[in-house]
Structure formats: structure tokens, C-alpha cells
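Here's the letter readout for the chains.
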Amino acid sequence: MHDTPAQPAATHPHRTSAQPGPVLDLAELSGHGIELVGGKAAGLARLIAAGEQVPAGFCITTTAHETTAAHPSPISPLLREEILRAYDRLGAGPVAVRSSATAEDLPQASFAGQHETVLDVEGTDALLEAVRRCWASLSSPRAIAYRAAAGLADDQAHMAVVVQAMIEPQSAGVLFTANPITGTRTEMVVDAVAGLGDVVVDGSVPAAHYVISATRRPAGGGCLDTTQLDQLRAAGERIARAAGSPQDIEWAFDRAGGLWLLQARPITTLFPLPATAGPEPRVYFEAGHMQGMLRPFTPMGMSAMRIATAQWFASVGIDTHQIGADRQDDSLIVDAAGRMYLDLTPFVRSSIYRRQLPTAMRIYGPRVVAALNLVLDDPRFAPNTRLPFRLRTAAGVALRLAPAILAGVVRALITPAAARRTALQAAAAIRRHAQATSSVPRSARQHLQAAVDAQGGAMLTSMMAMLPPLYGALIAKSAATGLLAGIATPSEVDETLRGMPYNVTTRMDLDLWQIAAGAGQHRDLLAYTSPADLARQFLDGDLPEIGLAAFLRSYGHRSAAEIDVGVPRWAEDPTSVFAALAGYMRLTDPDQAPDRRFADAATDAAAKIDDLVRRARETRPVRAALAGFLLRRSRALAGLRELPKFAWLHAFARMRVELLAAGADLHHRGLLDRPDDIMFLDISEAHRAADGADLRDHVATRRRDHKRELRRRTIPGLLLSDGTIPEAVAPTAPAPEGALTGMAAAPGVATGPARVILDPADAHVEPGEILVAPTTDPGWTPLFLTAAGLVTETGAAMAHGPTVAREYGIPAVICVRAATQLISTGQIITIDGAAGTVLVVDDGPGTATATSDSS
């Protein structure tokens, strides 16, 4: 945060040429790119061009720095003369000298406080020294660490320097044109202090906090009155509108009441708006986690899910237009930051279904339920009498499917072995359909059509055949739970399903264990060689035969994030399989062997059924017999629950083969740089490429965005179309007994050992530890890379520490009184960055006091 100048930026008589000089007036920067003037100067240039009042000053370009860096001697006489001439034009008084790196103030990385700023610089020697300090900060440990965390290479970063005149402000602070904590795009947030505003961004003193709503006029108080808040809101609206995105703005009011804008950059921590967000309020539920999908989908992966969903609904006679007819598009799946959200709006608004939603959401935790209740109380989602679907459509689907499913459920409960055979035959049919190949050369367009066809036809018919046993297992367990009410708890009933037979995923794990058990002569090779190296050797045919080829023939269509066709399958890259093998090879306790543990779990489950039946027989003998029958039937069928997805993945694997073949054709034609670039297009874009469109620049942008999203660690379970994350604003439950309370600064929950640090010099934080500090300025942020969370005694939500914590995706709680005294290094603590609480879970080996690095 910086002070303000005596006069606004204005054009001065200046040398002009085709090649810009090393020093440029701020008013002359329009048209020059970030690569020459850096992010901060480019942002100031945009403000000036928009007519905003900006401090007068000049920019020392990246060219000047590169020339000096190449010749590490004192600033050359020519450059010195240029700088001092510009300084004289400012009046040679006090100035602020600020870094303006090319990787700074970007939409994906703010670099808040990572580079140097020097205030109240006066005199030529002090000015030149401040410039050198800004240049040197490009290579500081904290800047290098931040670039690494942001996925930016060091050779992508160059340094310009901004110099601006200063005056003493009456008040100063930070304006966010969207709420950075809740994500709400219709709220602005202001933090302000009297005098210099640098203490706001470094978090060293408490700031006056204002939330400005688009629907009501802000109330003044503290260091800002209502008129000043109105001025800030108007300026924020202008700047965000011109920039096309929410902005983080530093500002100051001078003694005469004039508003000066010192900086504007994109807010980097907001979760992106859903791709289909329109003017009507909507609520979305993140569904990818239900399939273990926490990372972002590739664009083609999201497209494939939409194709599969549409074909599935079509196969049972449902047009997705008929579900939630008030939607803007025909897809139930909504993309936000590459994550798969489902539009819940029709169900939230339905007076019939909304009452059932909180119960249905309990499995996602109390914070999600609290967030949903907040949405249900929101007048924008007031109930109506409409159903989320057309009754005629629902009745038609029920008449079409119910008889066969009901008959299948009854058959499964009577003869579970026959039901299993039918389900396995259906899965085998899907595999045969997916593995059918053609020797006839095909074009990219034909491969794309084959990819779409992989999700339809026989696959859908076979999938339906696998469902009745699953429904039978659910019905049997639910009925048994009811029969045992008052005798057994639901968790005791759950114990009867441990060590379930007929589970294809468990079978896969046990098959891999058998490979490890039989590869003892290769133990050192498999346990202590890099999994990536082993994968390369295996694919090159250089590893001894241990049975892995057969394993991959059965399971090679699987992978992590396996419902995304953009992700390589194990057959293509078995690195993670070798990593699992390495863990198995290091296992020395025979009692911990997977097959032993599975067998023990199955034995315990059978014993639990006998125990529950015995207990029930004492008072309800008929119910006891029926409950025992149902529990055993549930156990005989429930293992099939993994089979439909396992089989479905064959269709996704086939899609991937066809898509890569299309990509290879487009690569051969010079339309893609590599075959797998097709995974960063959606299906319609791939068709455009097949027709000759060159989308390589589009692919490069998508790859970069996807790489950035891979680093996002916190994903909202519920999301509103205006960007609000209901979990961040939902009422919090009373703090647990003994919890320390503070201010929510970065959402998320983390549990780990505390690391109390009073001074970051020579300090370290082990991976998984939670940093506890009196405050944090930018010098602390390299410690965030290994920290699981942040607790401070002072600060503001807009300060550098919480801002960087939000970017790194770690929870933060600030303003926790005496935290460094009440918490000791080594104690196990849980912090809730949305609730603003810190709870000591276990004393651990805590120390009595903290030292400079508490080690």
C-alpha cells in the first residue's frame, strides 16, 4: 500500500521514438505490453486511460533491468541520467518506488507483496538504491517460491519499476469489487485505516471493515463516511466493468477529500463463476467428488460426461430439456473451474422436494447442510408448486422401467447367484462392445463419431441389466435396519458389509497384492526403484515378467480420475500401479497383508450377522429370522455396486482411444501440436478442427488454465450463480468447548501439528504442520508452501498473508488473541477457516514456549 502524489499523472515533454526508451512516463504507457512495463505499471496505464485519478510518476522498463542484469555494475550513466531527469519532473520530492514484474498482478497470480516496495524515498542516491532493491526482489526466496507455486518459470519473470510522487493521505486502504471471502460478485469489501494504507495489506494493524451491497447504500463510520464509500463503490464499478473482471484496488483519500487510485489488479482467489451463469439466481452442487474426482476435468472429459448423461437419459425416454425447464441450456451438468456441478435450482424451488434436500445432503457434512439451509431461506429461491420434471415424462419412464427393475430385484433376492451371473455377463458385453476394433482407416470425423457411439447402444442396455441386484441389496439392507430398530444401530448394520465378496475393485486390489506376493525375488527392484522409472521400463519391455501384463489386460482401463477421458489409463502409464506395488513390497507384517485383512473382515461381518440375529431372537424371533435372511442377501449382492462403473469405464477407455486417433490425424494435418491436444477441446470444437480450423492457440490457453486449476485445493460443495459460496456465509455452529475463536480469512479445514514461529528468519514448517504466528507479512509466505494452514494473532482478511493463503488453498484463521501463547509447537490442532475457530485436539509433544523457529 502506498501514499499518494501531489498531482495526477500527465503527459510531459518527452523523447519519443519507434523504440521506447528505458524510462517512460506513466501517462505514455498505453499500448505497451506487460513484457515491457510489468503488471503493476500496465494496470496503472489502464486506469489513466480510463480517466481515473492516478499518482504521477514514471516506469523504468524491463529492458533497463535486463541490460543492467547482464552487466552487473552500477547503473549506467545513461540510465542514471534518464531516471534522475524523470525524478526532477516529479519535483524531486518524496516518492514511492514499487516493483512491476511481468508475472505480477496477473489474473492467475497477484504476487501480493512478493516483490519490493520502498516508501518515502527522497534524494537521488536513495532513489537509485530503492530501484536496485526492487530489481533484486525478483530473485528473493519468497518470490521464487511464489513463482514455483504458481507454476511460473523463473525465465518468465522480468522486472520493471514504478516511481510515483507521494503526499500524506487522510485515509487509505483496499477495495475488492467482489467479496473475496464469500465469492459474492454483488458485494464489495473495503478495509481502511487513517493515514498510510500499507499497514492494511501487511496486516500489522486492525482495519475498519466495510461490506458494500449492490442493493443498499453503505453506512459510514470509522475513518470513512458514507460519501466516501459511495465514491469507492462507483470507482470500483467503473474499474471492474472496464477490466471485465472483479478487481483488487488500492486507494487513498487526500487531505482535500480527493480519491486517488494507486493500483488495480484482478482478484486471483475467487472461484470462477459457473459457465452457464445467467441473470436468474441458481444453485449448483459439486458432483465430481461422488466419483472421487477432485481435480478438474479436461474440456473433453467434461464434454464426454455431458454426452454420456444425455445418452443415458435418452435411453430411458427423458429429454434433458424436460428437467428444470427454467434452465438456460439443455445440460444438467454445469462447468465451473473444470469441476462438474449439477443444477439443483428446480429441486430447491420445488415445494415438494426442497424439504428432503437437507436430509439427502447430510452425507456431505454439517457445513454443506448449513449452507443448503441458508439457500433454502434465501427469498431468491422461494418455493413454487412446479415439479422439477414433467409428470408425464416421469410416469412414462416409470411405466417403461419399473416392471423390469422390480422383477429383477425380486429375482436377485430369491437367487442372488443367478443375478450375479446376469450382471457379470452384462459387464462382459460392455467390454466386448468397447474393445471391438476396425482395420479400416478412418478420418478424424469418423473417429469422433465412434467416440460418441461408445457411450450408446449395447452399453446402455447392458448397464440397465446390472442395476436390479444393486437395488435389491439396498432394499434388503434398509429393511433389515428397520427390523432391527431398537436392537442394533445403523453403524452396527453397516459392519455386516465389511469384507464384501464379489466387489470388482476389491478383487483388483487383491490381484495386485498377489502379484507383489509372488514377486519376492524382485523385491528390491520394485520397492526402491522410482515408480516412473519402472513404468518406463515396463512399457519398453525391459522388466522381468511378474504378471503385471495380465493384470493390465483386466484393469488397464482404470486410472486415477478415471471418469475423465482426458486422463491416461494405467495401460498407457502404469506409474501409480508400480507405486502401489512398492508399498505392498515394503509390507513385512503378515497380519497386515491385504488378503489376510480382507478375510478377517469377512469373518467379522458374518459373526456380526449372527450376533444381531441372536440379539433380535430374544424378543422378536420372526423379525430376527427375516433380518438375518435380508442381511445375508444384502451381503451377497452389495459387492456388485462397483460393477456398473467398472464396466462403464470400458466405454470411456474406448472413447479415449478414438479421440486420440482423431487427435493423431489432426496432428498429422498440422492442426494440433500433439495428438492428446484434442483433450483440451470439447467435442464440437474437435469437429471444427476436423473441418480444418486451427485451434492450437485455444488449446495452449486451455492447457495453461487446466494446469492452474490442478493446484486449486478448495472446491465449494455448493455454489450460487453470483459466485457466492454458501458454506462461507452459512451460520456457524457454536464453537467447540475449548476452541479459540478468531476471524475467518481463508476457507477450509485442516488438522495437524502446530508450528509456533515468532520470526521467520531461519524458520521452517514441516509438511502438514499448521503455522501459528503473531502476524504474517510477505516474508513469511515461503513457509506457506509446506503449511497445512495458518493462524495469526492480528491482521485483516485482505492482508497479504490471508490473500496468499487463499491462493495456495490452505485455510487461515486470523485475529486469534494470544494464539502464540496459548498454542505450543507440536500440539495437534484443527482449524476451520470458514468458521474462524482453532481447536487443540491433542497436546502432543508440545513445548512450553516458542522460539524464533520453534524447532
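Residues numbered from 1 in each chain as written. Predicted model: local features only at pLDDT ≥ 70, side-chain atom pairs only at ≥ 80, totals over all residues. Heavy atoms only, no water.

Helix and strand counts for the protein stand at 30 helices and 22 strands. Every one of the 855 residues in the protein was classed for burial, and the buried ones make up 52%. Within the protein, contacts between residues at least 6 apart in sequence are counted, and of these 69% link residues at least 24 apart. Of the accessible surface of the protein, which amounts to about 36600 Å², a share of 56% is contributed by carbon and sulfur atoms. (Helix = DSSP H or I, 4+ residues; strand = E, 2+ residues; numbered from the N terminus. Buried < 20%, exposed > 50% of the residue type's maximum accessible area, 1.4 Å probe, protein only. Contact = heavy atoms within 4.5 Å. Areas by Shrake-Rupley, 256 points an atom, 1.4 Å probe, with all protein chains shown as cover.)

Turning to the side chain of glutamine 164, a few remarks are in order. Relative to the helices and strands, glutamine 164 is located in strand 5 (residues 159–165). Within the structure, the side chain of glutamine 164 is placed 2.6 Å from the side chain of arginine 98, a separation counted as a polar contact. Ignoring anything within four residues of it in the chain, the contact list for glutamine 164 reads Leu26, Leu44, Val54, Pro55, Ala56, Gly57, Leu90, Pro94, Val95, Ala96, Arg98 and Leu262. (Polar contact = N/O pair within 3.5 Å; in protein donor to acceptor, adjacent residues only side chain to side chain.)

This part takes up the pattern of salt bridges. One pass over the full model with this rule turns up 39 salt bridges. Between arginine 233 and aspartate 230 there is a salt bridge, with its nearest N and O atoms 3.7 Å apart. In this pair, arginine 233 and aspartate 230 both sit in helix 7 (residues 226–243), three residues apart, roughly one turn of the helix. Arginine 558 is paired through a salt bridge with glutamate 562; the nearest N and O atoms lie 2.9 Å apart. Residues arginine 558 and glutamate 562 agree in their burial class; the two are buried. Ionic contacts of the salt-bridge type, sharing partners, join the residues Glu492, Lys608, Asp611, Arg614, Arg615 and Glu618 into one network. (Salt bridge = Lys/Arg side-chain N within 4 Å of Asp/Glu carboxyl O.)

A word on the pairing of strand 22 (residues 837–842). Note that strand 15 (residues 740–741) and strand 22 share two bridges and pair antiparallel. Each residue of the ladder has a partner; that of threonine 741, found in strand 22, is threonine 837. Sheet analysis places strand 21 (residues 828–832) next to strand 22, joined by five bridges and oriented antiparallel. Looking at the pairing, isoleucine 831 lines up with valine 838 of strand 22. The turn joining strand 21 and strand 22, which pair antiparallel and follow one another in sequence, is formed by four residues; a positive phi near 75 degrees is taken by glycine 836. (Pairing = 2+ DSSP bridges.)

Read across the sheet, four strands follow the order 12-13-11-14 without closing on themselves; strand pairing throughout is antiparallel. The strands lining the two open edges of the sheet, one partner per strand, are strand 12 (333–336) and strand 14 (718–720). Pairwise comparison of adjacent strand axes, ignoring direction, gives a mean angle of 40 degrees for this sheet. In this structure, strand 11 (residues 283–286) lies alongside strand 14, joined through three bridges in antiparallel fashion. When the sheet's bridge partners are listed, tyrosine 284 is paired in strand 14 with leucine 719. (Axes fitted to C-alpha atoms, helices over the stretch in contact; angles between N-to-C directions.)

Of all the residues in helix 14 (residues 444–453), the buried ones are Ala444, His447, Leu448, Ala450, Ala451 and Val452. Those residues of helix 14 that are buried lie in contact with helix 8 (299–315), helix 25 (643–668) and helix 26 (683–690).

It is worth spelling out the environment of isoleucine 546 at this point. When you line up the elements, isoleucine 546 lands in the loop between helix 20 (531–539) and helix 21 (548–555). Isoleucine 546 gets classed as buried once you look at its relative accessible area, which sits at 17%. With 24 residues separating them along the chain, isoleucine 546 and histidine 522 place their C-alpha atoms 8.8 Å apart. With residues up to four places along the chain from it excluded, the contact list for isoleucine 546 reads Ile515, Ala519, His522, Leu526 and Leu581.

On to the sheet that holds strand 22. One open sheet accounts for eight strands, arranged 15-22-21-17-18-19-20-16; its pairing is mixed. The open sheet has two edge strands, strand 15 and strand 16 (743–746), and neither has a second partner. When strand 17 (residues 749–756) meets strand 21, the two strands line up antiparallel, connected through five bridges. When the bridges of strand 21 are listed, proline 753 appears paired with isoleucine 828.

Judged by nonpolar contacts, the single largest core of 110 residues is most densely connected at Met466, Leu548, Phe551, Phe652, Leu659 and Ile678. The residues touching phenylalanine 652, leaving out its near neighbours within four places in the chain, are Ala304, Met305, Ala308, Gln455, Ile563 and Val565. Among the nonpolar cores identified, the runner-up in size contains 33 residues, and Leu24, Leu36, Ala42 and Leu261 belong to it. (Core = buried A, V, L, I, M, F, W, Y, C linked by side-chain atoms within 4.5 Å.)

Our focus in this paragraph is the packing of aromatic side chains. Inspection of the entire model under this criterion finds nine aromatic pairs. Summarising the aromatic geometry, the rings of phenylalanine 551 and tyrosine 555 are spaced 4.9 Å apart at their centres and angled 50 degrees between planes, so their arrangement reads as tilted. In this pair, phenylalanine 551 and tyrosine 555 are both assigned in helix 21, four residues apart and thus about one turn of the helix distant. Grouping residues by exposure puts phenylalanine 551 and tyrosine 555 together as buried. Members of the aromatic cluster, connected to one another through ring pairs, are Phe551, Tyr555, Trp570 and Phe646. Taking the ring centre of tyrosine 502 as reference, the NZ or CZ of arginine 420 above it sits at 3.8 Å. (Phe/Tyr/Trp six-rings, centres within 6.5 Å; stacked < 30°, edge-to-face > 60°. Lys NZ or Arg CZ within 6 Å of the ring centre and 35° of its normal.)

Let's shift gears to unusual backbone geometry. A positive phi angle is found at tyrosine 502, which is not glycine, with a value near 70 degrees. Judged by relative accessible area, which is 45%, tyrosine 502 ranks as partly exposed. Its identity is not glycine, yet cysteine 815 carries a phi of approximately 60 degrees, on the positive side. Among the structural elements, cysteine 815 can be located in the loop between strand 20 (812–814) and helix 30 (819–822).

Moving on: the pairing of strand 9 (residues 247–254). The element strand 9 is largely enclosed, with a buried count of eight among its eight residues. Burial of the side chains of strand 9 extends over both faces: Gln247, Ile249, Trp251 and Phe253 are buried on one face and Asp248, Glu250, Ala252 and Asp254 on the other. By the bridge criterion, seven bridges tie strand 6 (residues 169–176) to strand 9 in an arrangement that is antiparallel. If you follow glycine 173 over to strand 9, its bridge partner there is tryptophan 251. Relative to strand 10 (residues 259–266), strand 9 is paired through seven bridges, and the arrangement is antiparallel. Bridging across to strand 10, tryptophan 251 finds its partner in leucine 261. In textbook terms, the turn of a hairpin is the stretch between consecutive antiparallel strands, and for strand 9 and strand 10 this stretch comprises four residues, one of which, glycine 257, has a positive phi near 90 degrees.

Attention now moves to helix 1 (residues 34–49). With 16 residues, helix 1 extends only 15 Å from end C-alpha to end C-alpha; this falls clearly short of the ideal 22 Å at 1.5 Å per step. The sharpest bend along helix 1 measures roughly 80 degrees and falls at lysine 40. When you tally the buried positions in helix 1, you get twelve out of 16 residues, the bulk of the element. Those residues of helix 1 that fall on the buried side of the exposure criterion are Leu36, Val37, Gly38, Gly39, Lys40, Ala41, Ala42, Gly43, Leu44, Ala45, Leu47 and Ile48. Looking one or two residues beyond helix 1, the residue adopting positive phi is glycine 51, at roughly 90 degrees. (Expected span 1.5 Å × (residues − 1). Bend = angle between axes of the 7 residues up to and from the residue.)

Averaged over every residue, the pLDDT of the protein is 85; the share at 70 or more is 86%. Confidence scores differ between elements of the protein, with helix 29 (residues 800–808) showing the lowest mean pLDDT of 63 and helix 26 the highest of 97. When the criterion is pLDDT under 50, residues 1–6 qualifies, and its contacts beyond four places in sequence or with other chains add up to 39 contacts. Throughout residues 324–329 the model reports pLDDT below 50, and contacts reaching past four residues in sequence, or to other chains, amount to twelve contacts. (pLDDT = per-residue confidence, 0-100.)

Another aspect to go through is the packing of helix 14 against helix 25. Orientation of helix 14 relative to helix 25, taken along the N-to-C sense of each, is 165 degrees, at an axis distance of 8 Å. Overall, the two elements helix 14 and helix 25 adopt an arrangement that is roughly antiparallel. Pair helix 14 / helix 25 crosses with left-handed handedness. Across from Ala444, His447, Leu448, Ala450 and Ala451 in helix 14, the residues of helix 25 making contact are Met655, Glu658, Leu659, Ala661, Ala662, Asp665 and Leu666. A class-by-class count of the residues in the contact of helix 14 with helix 25 yields nine nonpolar, one polar and two charged. (Parallel < 35°, antiparallel > 145°, perpendicular 65-115°, else oblique. Left-handed = near helix turned anticlockwise from the far one by under 90°. Nonpolar A, V, L, I, M, F, W, Y, C, P; charged D, E, K, R; others polar.)

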